[in-house]
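Examining the three-dimensional arrangement
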Amino acid sequence: EPEVTQTPSHQVTQMGQEVILRCVPISNHLYFYWYRQILGQKVEFLVSFYNNEISEKSEIFDDQFSVERPDGSNFTLKIRSTKLEDSAMYFCASSPKDRYQPQHFGDGTRLSIL
Amino acid sequence: SQQGEEDPQALSIQEGENATMNCSYKTSINNLQWYRQNSGRGLVHLILIRSNEREKHSGRLRVTLDTSKKSSSLLITASRAADTASYFCATLGGGSNYKLTFGKGTLLTVNP
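All values derive from a computational prediction rather than experimental measurement. (Residues numbered from 1 in each chain as written. Chains lettered and ligands numbered in written order. Predicted model: local features only at pLDDT ≥ 70, side-chain atom pairs only at ≥ 80, totals over all residues. Heavy atoms only, no water.)

Some details on the sheet that holds strand β3 (residues 19-24) of chain A
Residues and elements named next belong to chain A.
- Sheet architecture is open: 4 strands sit in the order β1-β3-β8-β7, paired in antiparallel fashion. Two strands bound the open sheet, and with one partner strand each, they are β1 (5-7) and β7 (65-68). Here the strands of the sheet are splayed against their neighbours by 20° on average, with no regard to which way each runs.
- Both β7 and strand β8 (residues 75-79) contribute to a ladder of 4 bridges, which runs antiparallel. Residue pairing in the sheet places V67 in a bridge with L77 of β8. (Pairing = 2+ DSSP bridges. Helix = DSSP H or I, 4+ residues; strand = E, 2+ residues; numbered from the N terminus. Axes fitted to C-alpha atoms, helices over the stretch in contact; angles between N-to-C directions.)

Structure below.
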């Protein structure tokens, strides 16, 4: 069964550094997402992406965050200047356009900011 | 407002017993989904129930939805040690957005 893959599985970065998290969504999906889960807390929506543009974003997704689909397969989340509070598990997901189809999640990237 | 609140927060049962987890939400929804998360891993989709459905089955899973009470339940029958995980409900709102709103989850422990 096709799956969403994320790299790296664990990223350790110094505060203030830029970080790029990478995802390969399921190939025939049209919607792509980033969510995050701070340790012990809920999974929170960050952003959705469709037709090469952001379709929705949360309050968390401020100017420090950006997303890109640089080619036909990858989907990236960039954090420009990381803060301690950005430490979390970041999940990529993808889905078809049909809202009655589930979103499929990757295994996540654990981001640790020192 | 908080959406998708599960209870109980933790549930410990013996293998073979049934496990029931509940979820409440506050706003109108398009559908409600249940996910499982094994420790340190990603979210695995279990089942989706549409707002116009009342009950859905998938293998040992049974989901109910009561839109008048804005609540859902997930029943896992004949539980196994491998069912040990966190279970989350997530709602997709009305309108045209695709944002899933997750609850805090129920940690299920199935003891052999």
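Digging into the nonpolar core
All names here are of chain B.
- L32, W34, L74, I76, Y87 and L108 are the most contacted members of the largest nonpolar core, which totals 22 residues.
- If you list the elements that add at least two residues to this core, you get β2 (10-14), β3 (19-24), β4 (29-37), β5 (43-50), β7 (61-66), β8 (71-76), β9 (85-93) and β11 (106-111).
- Discounting residues that sit within four places of it in the chain, L108 has contacts with L11, I13, A19, M21, I76, D83, T84, A85 and Y87. (Core = buried A, V, L, I, M, F, W, Y, C linked by side-chain atoms within 4.5 Å. Buried < 20%, exposed > 50% of the residue type's maximum accessible area, 1.4 Å probe, protein only. Contact = heavy atoms within 4.5 Å.)

Details of the sheet that holds β8(B)
Residues and elements named next belong to chain B.
- With antiparallel pairing, the 5 strands of this open sheet are ordered in space as β1-β3-β8-β7-β6. Pairing within the sheet leaves two strands with one partner each, and these edge strands are β1 (5-7) and β6 (55-58). Adjacent strand axes in the sheet meet at a mean angle of 20° when their direction is disregarded.
- In this sheet, β3 lies alongside β1 in antiparallel orientation, the contact comprising 3 bridges. When the bridges of β3 are listed, E6 appears paired with C23.

Remarks on unusual backbone geometry
- In this structure, the amide linkage connecting A:T7 to the following residue, A:P8, adopts the cis form with an omega of -10°.
- Topologically, A:P8 is positioned in the loop between β1 and β2 (10-13).
- Look at A:N52: it is not a glycine, yet its phi comes out positive at around 65°.
- Examined against the element boundaries, A:N52 turns out to sit in the loop between β5 (43-50) and β6 (53-57).
- Of note, the phi angle at B:A78 is positive, near 45°, even though the residue is not glycine.
- As for its position among the elements, B:A78 is in the loop between β8 and β9.

Focus on the pairing of strand β9 (residues 88-95) of chain A
Residues and elements named next belong to chain A.
- In terms of burial, β9 is a largely internal element, 8 of the 8 residues being buried.
- Burial of β9 is two-sided: the residues A88, Y90, C92 and S94 facing one way and the residues M89, F91, A93 and S95 facing the other way are all buried.
- The pairing of strand β4 (residues 31-37) with β9 spans 7 bridges and is antiparallel. Directly across from Y33, in β9, lies its bridge partner A93.
- Two elements, β9 and strand β11 (residues 109-113), share 3 bridges in a ladder whose sense is antiparallel. Within β11, the residue paired with Y90 across the bridge is T109.

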